[in-house]
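Structure assessment
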Amino acid sequence: MGPIFILSVRVLANRRRLLLIVLLAALPIGLAALVSATLSEDKSSNEEFINVLLDGMLIAAIMPIVTMVTGTAAFGNDLEDRTLGYLVLKPISRLRIVLPKLLASVVVAGPLLMASGIIATLLGASSMGAALLVLDGSVQAVVGVGVALFAGVVAYAAIFTWAGLVTTRALAFALIYVFLWEGLISSYLGGVRYLSVRAYSLSILHGMDDRSFGPLDDRVIEFPAAIGGAVAVTVIFFWLTVRRLRRMDVP
Amino acid sequence: MSRAQRSSQTTATEPTIVVQGVSKWFGSVVAVNDISVQVHPGITGLLGPNGAGKTTLLRMIGGLAEPSEGDVSLLGERVRDNPQLYSRVGVMSANETVYEFFTGREFVEFIGRLHQLEPLAPAVDRAIEAVDLTEVQDRPMGTYSRGMRQRMRLAATLVHDPQVLLLDEPLNGTDPRQRIEFQELMRRQADQGRTILISSHILEEVETLADSILLIVSGKLAASGDFRAIRAKLDERPYKVRIVTGDPRSMAAALVKTETVDSISVDSDGALLVLSRNVSALQHSVPRLAKEQGIRLMRVEPMDDSLESVFSYLVEG
């Protein structure tokens, strides 16, 4: 698994892609720093911070976009360059090809996103002061942000890695999934949240510190369901990717 | 070992590659149509014009593509969904893309690691030496010429010392000296009992190398077997030559009297279409006769010297 993981990280973390990820990950930090001066120490500021910055910007947009960039390229690059043959024509199981690819896309996207979320949260907490419900600097809230983002990145990476192997229009598929299914449909149909990575992330965040992240009450599902959903999505799409790689004609 | 010795040796052994009733279609396009062949140890050339289905067949034999119909086995085992088989098989696909950021050595090491070779360094040294690229092994592959890249890809294909080699157009981009070295390398591999299947659309490339050939035209197996028998059939083939002169009637009359011409006709532009089994004699006769008869010779051109016409002849013949 080692050589494929190292190769995949090297390919995924090319200068252009890394620059895009860093810029996107820096947005919430920049915004948190920018608005910290204008936020007042009241409950509405707290809600705005959670709704706009953590949910609206980081979890609903930047996390899926960044993971889309790495996940769809995990196999997309090999298909485009026609280098997948170098991997599949070797005495290694398909599972041992897919796993390092998935891990590589998580490793390239995950730490930057988690750092972005944690730093933005800390900035928000310091600017709003200890009077707020949230972001009073508690370890629980910060860990919650990190875990929620990590779970989201892993689940999204599994979906988008599969998409990158199944279709040459993986980016289009990913955009439709994120913005139509998760952004629009799940807003109107509550049940869809059980099939939404965004809802899993928000629910894990809320479940780990419901005192700080109370404003998310209206858009979360049960904490165990969120954990189970994220794990199920990851396992199912990982299995689908292995299955696809075993059956497909490799260009 | 002579070609005849190798040929008799290969037929005495069990087939390494067995293709049974294999077809492959993409939508309504049939790329490979019901091909059954057996390949024995030694060098076998997979010949055919561009688009004949060679690459598709080779991809099915190598396990990269699933046959729409039929079965393929390598070394007595099924190919698809059987990754462990690749510890004994080396495949070099027609696609020439490489990881350009790797140096040549890093690339071969990477492939060696995927094969879990222990110890790795001697195997990598041996493979790179075999393709004579030791001096440039530490240069990024992005800086290699096309021929060097092909040879380093060949080194990566050989690094685990496979029993079976499937090589799709391996000589693309190589110069004449490199071709000779490649042929010597393949010959040494074959003499050690390996099975080598090489595809090419260049007849002469395979002629000097292969013990036997598989000839594919339009997705079908047109001929297979000993190269010399097929070559002899090729030598019997009449060539068509178009001759434009100032006096086609006189030129035709002069040519008919020679031994070099099978038939002559006149096309719509008034040019002579000459069929001949002895082209070199015809080449000498035409200018001599023109000079003797005082006929102005404006153009002499071979009409069907392309590989496609040679293959077509074999199929029709």
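Now for a description of the structure that goes with this document.

Cut-off values and rules
As a convention, each chain's residues are numbered from 1 in the sequence order in which they are written. Here chains are named by letter from A upward and ligands by number from 1 upward, in the order in which they appear as written. pLDDT decides what is reported in this predicted model: residues at 70 or higher carry local features, side-chain atom pairs at 80 or more are listed and counted, and totals for whole chains, interfaces and linings draw on all residues regardless. Excluding hydrogens and water, the side-chain values take into account all heavy atoms of the structure. Salt bridges, as used here, are contacts in which a Lys or Arg side-chain nitrogen is within 4 Å of a carboxyl oxygen on Asp or Glu. For the purposes of this entry, the term helix denotes a DSSP run of H or I that reaches at least four residues, the term strand denotes a run of E that reaches at least two, and both are numbered from the N terminus. Only protein chains enter the area calculation, which uses a 1.4 Å probe; residues under 20% of their type maximum are buried, those over 50% are exposed, and those in between are partly exposed. The way it works is a 1 Å grid over only the protein atoms, where trapped points that fit a 1.4 Å probe form a cavity and open points with protein on both sides within 12 Å along at least five of seven lines form a pocket, and then any residue with an atom within 4 Å of a point lines it. Grid points are joined across faces, edges and corners, and a volume is the space filled by probe spheres set on the points. Residue type decides the class: Asp, Glu, Lys and Arg count as charged, Ala, Val, Leu, Ile, Met, Phe, Trp, Tyr, Cys and Pro as nonpolar, and the leftover types, Gly among them, as polar. Multiplying 1.5 Å by the helix residue count minus one yields the expected span of that helix. Working rule for contacts: check all heavy atoms of both residues, and any pair within 4.5 Å makes them a contact. Note on aromatic contacts: the rings of Phe and Tyr and the six-membered ring of Trp form a pair at centre separations within 6.5 Å, being stacked when their planes are under 30 degrees apart, edge-to-face when over 60 apart, and tilted otherwise. Remark: a charge is flagged as sitting over a ring if the NZ atom of Lys or the CZ atom of Arg is within 6 Å of the ring centre and within 35 degrees of the ring normal. What is meant by a nonpolar core is a set of buried Ala, Val, Leu, Ile, Met, Phe, Trp, Tyr and Cys residues, joined one to another through side-chain atoms within 4.5 Å. Two parts lose some accessible area (1.4 Å probe) when they are put together, and adding that loss for both gives the buried area. The definition of a polar contact used here is a pair of N or O atoms within 3.5 Å, where within protein one atom must be able to donate a hydrogen and the other to accept one, and adjacent residues in sequence count solely through side-chain atom pairs. DSSP-based pairing: two strands are paired if at least 2 bridges between them are found. The convention used is that axes are lines fitted to C-alpha atoms, helices contributing only their stretch in contact, and that angles between N-to-C directions extend from 0 to 180 degrees. Working definition: roughly parallel below 35 degrees, roughly antiparallel above 145 degrees, roughly perpendicular at 65 to 115 degrees, and oblique for all remaining angles. Each crossing gets its handedness from the near helix: less than a right angle anticlockwise from the far helix is left-handed, clockwise is right-handed.

1. Digging into the pattern of salt bridges
All names here are of chain B.
- As enumerated under the stated definition, the model contains 20 salt bridges over all chains in all.
- Ionic pairing is found between E66 and R80, a salt bridge with its closest N-O pair at 3.4 Å. Taken as a pair, E66 in the loop between α2 (54-62) and β4 (69-74) and R80 in the loop between β5 (77-78) and β6 (89-92) lie far apart in primary sequence, 14 residues in all.
- Looking at E66, the relative accessible area reads 37%, which means it is partly exposed.
- For E301, the salt bridge is made with R242, and the minimal N-O distance between the two is 2.9 Å. Taken as a pair, E301 in strand β14 (residues 297-302) and R242 in strand β11 (residues 239-245) lie far apart in primary sequence, 59 residues in all.

2. Topic: the layout of surface pockets
- Here the largest pocket is characterised by a volume of approximately 440 Å³.
- Taken together, 18 residues make up the lining of the largest pocket; nearest its centre are T72, A73, N77, E80 and L171 of chain A.
- Mapped onto the lining of the largest pocket, the elements with two or more residues apiece are α2 (15-36), α3 (43-81) and α7 (170-188) of chain A.
- The greatest single-element share of the lining of the largest pocket, amounting to 8 residues, is contributed by α3 of chain A.
- Residue classes in the lining of the largest pocket are distributed as 7 nonpolar, 7 polar and 4 charged.
- The calculated volume of the second largest pocket comes to roughly 370 Å³.
- What lines the second largest pocket is a set of 25 residues, and nearest its centre among them are L89 of chain A together with L64, M92, S93 and R153 of chain B.
- Mapped by element, the contributors of at least two residues to the lining of the second largest pocket are α4 (84-88) of chain A together with α2, β6, α3 (104-114) and α5 (146-158) of chain B.
- For the lining of the second largest pocket, the leading source of residues is β6 of chain B, giving 4 residues.
- Its residues placed into classes, the lining of the second largest pocket shows 11 nonpolar, 9 polar and 5 charged.

3. Side note on helix α6 (residues 139-166) of chain A
- Look at α6 of chain A: 41 Å from first C-alpha to last across 28 residues, which is about the 40 Å you get at 1.5 Å a residue.
- Summarising burial for α6 of chain A: 22 of the 28 residues are buried, a large majority.

4. Quick word on helix α10 (residues 279-293) of chain B
Residue and element names in this part refer to chain B.
- The terminal C-alpha atoms of α10 lie 21 Å apart, and with 15 residues this matches the ideal 21 Å at 1.5 Å per residue to within 8%.
- All buried positions along α10 are accounted for by L282, S285, V286, L289 and A290.
- Summarising the contacts, the buried residues of α10 are in contact with β11, α9 (248-256), β13 (272-276) and β14.
- Two residues or fewer after α10 comes G294, characterised by a positive phi angle close to 65 degrees.

5. Description of the packing of aromatic side chains
- Under the counting rule described, the total for this entry stands at 12 aromatic pairs over all chains.
- For the ring pair Y86 of chain A and Y99 of chain B, a centre distance of 5.7 Å and an interplane angle of 45 degrees mean the geometry is tilted. Of the two residues, Y86 of chain A is situated in helix α4 and Y99 of chain B in the loop between β6 and α3; the pairing between them involves two chains.
- A residue is classified by how much of its surface remains accessible, and Y99 of chain B, at 6% relative accessible area, is buried.
- Counting every residue linked through ring pairs, the aromatic cluster contains Y86 of chain A together with Y99, F101, F102, F107 and F110 of chain B.
- Here the basic side chain of K101 of chain A rests over the ring of F75 of chain A, its NZ or CZ set 5.4 Å away from the ring centre.

6. Some thoughts on the nonpolar core
- By size, the foremost hydrophobic cluster in this structure holds 147 residues, and its most contacted members are L166 and M186 of chain B.
- Counting residues per element, this core draws most heavily on α6 of chain A, which supplies 16 residues.
- Among residues more than four places away in sequence, those in contact with L166 of chain B are I17, L58, I61, G62, L74, V89, G90, V91, M92 and L197 of chain B.
- Counting residues in hydrophobic clusters, the runner-up holds 14 residues, among them I243, M251, V261 and A290 of chain B.

7. A short note on the interface of chain B and chain A
- Taken together, the contact between chain B and chain A spans 28 residues of the former and 26 residues of the latter.
- Between chain B and chain A, the buried area comes to about 2300 Å², and carbon and sulfur atoms account for 59% of it.
- The largest contributions to the chain B side of the interface with chain A come from L64, Y99 and L114 of chain B, which together make up 25% of the buried area.
- Linking chain B to chain A there are 3 salt bridges.
- Across the pair D249 of chain A and R80 of chain B runs a salt bridge, and its minimum N-O distance is 3.9 Å.
- On the surface where chain B and chain A come into contact, there are 14 residue pairs in polar contact (both at pLDDT 80 or more).
- Only α2 and α3 of chain B provide two or more residues apiece to the side of chain B that touches chain A.
- Here the element with the most residues in the side of chain B that touches chain A is α3 of chain B; it accounts for 6 residues.
- Looking at the side of chain B that touches chain A, its residues break down into 13 nonpolar, 7 polar and 8 charged.

8. Some details on the sheet that holds strand β1 (residues 17-26) of chain B
Residues and elements named next belong to chain B.
- Read across the open sheet, the 4 strands follow the order β2-β1-β4-β5; overall the sheet is antiparallel. Because the sheet does not close on itself, it has two edges, and the strands there are β2 (29-39) and β5.
- Across 5 bridges, β1 lies against β4 in antiparallel orientation. Each bridged residue has a counterpart across the sheet, and for V18 the counterpart in β4 is S73.

9. Thoughts on the packing of α6 of chain A against helix α9 (residues 223-247) of chain A
Residues and elements named next belong to chain A.
- The geometry of α6 relative to α9 is characterised by a closest axis approach of 8 Å and an angle of 20 degrees between their N-to-C directions. Of the possible angle classes, the one that applies to α6 and α9 is roughly parallel. Between α6 and α9 lies a crossing of left-handed hand. From α6, V154, A155, A158, I159, T161, W162, L165 and V166 reach across to α9, where they touch A230, V233, T234, F237, L240, T241, R244 and L245.
- Grouping the constituent residues of the contact of α6 with α9 by class yields 12 nonpolar, 3 polar and 1 charged.

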